[in-house]
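Each chain, letter by letter, is given below.
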Amino acid sequence: MATAVKLYGPPLSAAVSRVLACLLEKDVQFQLIPINLARGEQKKPDYLKLQPFGQVPVFQDESITLFESRAISRYICDKYANQGNKGLFGTNPSEKASIDQWLDAEGQNFNPPTSVLLFQLTLALRMKIKQDENLIKQNEEKLEKVLDVYENRLGESRYLAGDEFTLADLSHLPMTQYLVNACDRGELFTSRKNVGRWWDEISSRETWKKVVEMQNSRPRRSA
Amino acid sequence: MAIKVHGSLLSTATMRVLACLEEKELDYEFIPVNLRAGEPKKEPFLSLNPFGQVPVLEDGDLKLFESRAITTYIAYTYAKNGTPLISQDPKKMAMVFVWMEVEAQRYENAAAKLTWELCIKPITGRATDDAVVEEYEAKLATVLDVYEDRLANSKYLGGDCFTLADFHHLPTLNYLMGTKIKALFDSRIHVNTWCADILARPAWKKAFAMKDNK
């Protein structure tokens, strides 16, 4: 079935999987177009016209081309407000503002230390770069402080922005999945009662399980 | 007063919110928070922002943290007041959101680090780390190369009009213009024009002048 909605990038990319989860939550039909990062397809001139920083994902529909996974997710939630998970980005301005607040907290406070840890604990090894023990320790400490805040918050409400699953929780799925399953850092989450409960709930969602299935069904290296 | 901002005039994030309220010509009460005394890390502030950071906005019963979530809320809620910092056209606004994320995810990382090393540390009597400056200067240069291409084809980052996508840069941009990093902006023609344009905005100048008036 032809569809105007296209998403470019491999499901294994955290930013791509963030958008995949959003599309699935909103019941949006889409085509996933592979981009071979190992072969540098994202740095080629044709792709750079779509995404000037040479990164995945890129989103296209019949009228627009977008990049930055959180901007794409916001657009999807607005455009498809009346289908799928209708509360994903709130149903009134106050709800939206609270969700935005936790989505920004993810982008500004959670994402930076988790990105460093992912690089140091997996990609550095693969790229044969020496691990920086100090950087690992510093960023584990930063992440622990953020998770302490989450632990308190999730003692007061079921999800970050309130009692419903929203874009703010969804945005945490990709990097947490890596830290728990590929970087052996699950204890950071499971040792905190409320954070552990929250992670169990959000990672058990059918939509996220589908994304993980997509990640696992692609070959890690091209033949 | 319905709108209150808890923050510090030393904080770029606070300035982002105050300048936004000025752009929107809204009345508000500014409640100074003592960063040096560690006020954000204690109660009662922690109940406003569990991350212990400024600023926090109160609007009636609503309390918000994260400066960009606050400015987005203000721009939408008070769309009819002052400068329209957003677009009502969903496609145009989608592009604004893209470049708002670029600022938050790519520009901010380098700009905040450089502001910290070159501006804030010296004020507070700490030594600048030259290696960090070199590293982040290179990162900022890469981002500004993309901005240069974008601004060659578009008057503002989000499109034809001044929006939050441009506006969010102002606090760190202002600081960096007082350092050697200014050269990175000056040496790129379209970036240079854009910087001069946005830094000249009366609302920004008014917010910035609060530092002198306190």
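Residues numbered from 1 in each chain as written. Chains lettered and ligands numbered in written order. Predicted model: local features only at pLDDT ≥ 70, side-chain atom pairs only at ≥ 80, totals over all residues. Heavy atoms only, no water.

The name recorded for chain B in an unreviewed UniProt entry is glutathione transferase, from Forsythia ovata. Quoted straight from UniProt, the Catalytic activity (unreviewed entry) entry for chain B says "RX + glutathione = an S-substituted glutathione + a halide anion + H(+)". (UniProt positions renumbered as here; feature names shortened; annotations may be inferred.)

An unreviewed UniProt entry annotates chain A as glutathione transferase of Forsythia ovata. Reading the Sequence similarities (unreviewed entry) entry of the UniProt record for chain A gives the comment "Belongs to the GST superfamily. Phi family."

Student: Help me understand the nonpolar core in this model?
Tutor: Side chains that are nonpolar tend, in soluble globular proteins, to be buried together. Of all hydrophobic cores here, the largest spans 141 residues; its most connected members are Tyr150 of chain A together with Ile74, Trp99, Leu140, Tyr147 and Phe185 of chain B. In terms of residues, this core owes the most to one element, helix α4 (residues 90–123) of chain B, which gives 13 residues. Discounting residues that sit within four places of it in the chain, Tyr147 of chain B has contacts with Trp99, Val102, Glu103, Tyr107, Leu157, His169, Val191 and Trp194 of chain B. (Core = buried A, V, L, I, M, F, W, Y, C linked by side-chain atoms within 4.5 Å. Buried < 20%, exposed > 50% of the residue type's maximum accessible area, 1.4 Å probe, protein only. Helix = DSSP H or I, 4+ residues; strand = E, 2+ residues; numbered from the N terminus. Contact = heavy atoms within 4.5 Å.)

Student: Just to check I follow, could you spell out a nonpolar patch on the surface for this structure?
Tutor: A grouping of Leu123, Met127 and Ile129 of chain A is seen on the molecular surface, where their side chains present a nonpolar patch of about 250 Å² in accessible area. Within the fold, Ile129 of chain A resides in the loop between α4 (93–126) and α5 (133–156). (Patch = residues over 30% accessible without salt bridge, like charges linked within 9 Å, V, L, I, M, F, W, Y side chains within 5 Å. Areas by Shrake-Rupley, 256 points an atom, 1.4 Å probe, with all protein chains shown as cover. Salt bridge = Lys/Arg side-chain N within 4 Å of Asp/Glu carboxyl O.)

Student: In this structure, what is going on with the UniProt feature "domain: GST N-terminal" (unreviewed entry) in chain B? I would like to understand it.
Tutor: Per the UniProt entry, the sites bearing "domain: GST N-terminal" (unreviewed entry) are residues 1–82 of chain B in this numbering. Along residues 1–82 of chain B one finds 33% helix and 20% strand; the C-alpha atoms at either end are 19 Å apart.

Student: Looking at this model, I keep getting lost on the side chain of Asp166 of chain B. Mind explaining?
Tutor: Residue and element names in this part refer to chain B. Inspection of the secondary structure puts Asp166 in helix α6 (residues 164–167). One buried charged side chain, Asp166, makes no salt bridge at all; its nearest oppositely charged neighbour is Arg201, positioned 7.9 Å away. In terms of polar contacts, Asp166 uses its side chain to reach the side chain of Trp194, at 2.9 Å. Not counting residues within four places of it along the chain, the set of residues in contact with Asp166 comprises Tyr156, Leu157, Gly158, Cys161, Trp194 and Ile198. (Lys, Arg positive; Asp, Glu negative; His and termini not counted. Polar contact = N/O pair within 3.5 Å; in protein donor to acceptor, adjacent residues only side chain to side chain.)

Student: Help me understand the side chain of Arg185 of chain A in this model?
Tutor: Residues and elements named next belong to chain A. Topologically, Arg185 is positioned in the loop between α7 (173–181) and α8 (186–190). For Arg185, the side chain forms a polar contact with the side chain of Glu140, separated by 2.5 Å. Excluding anything up to four places from it in sequence, Arg185 contacts Leu121, Ile136, Glu140, Leu179 and Val180.

Student: What is the right way to look at the pairing of strand β3 (residues 56–59) of chain B in this model?
Tutor: Side chains on a regular strand alternate between the two faces of the sheet. Residues and elements named next belong to chain B. Because side chains alternate across β3, one face comprises the buried residues Val56 and Glu58, and the other comprises Leu57 and Asp59, equally buried. Here four bridges tie strand β1 (residues 3–7) to β3, and the two strands are oriented antiparallel to one another. Bridged to Lys4 within β3 is Glu58. The sheet contact formed by β3 and strand β4 (residues 62–64) spans three bridges and is antiparallel. Across the sheet, Leu57 pairs through a bridge with Leu64, a residue of β4. The turn linking β3 back onto β4 is made up of two residues, and Gly60 within it adopts a positive phi angle of 60°. (Pairing = 2+ DSSP bridges.)

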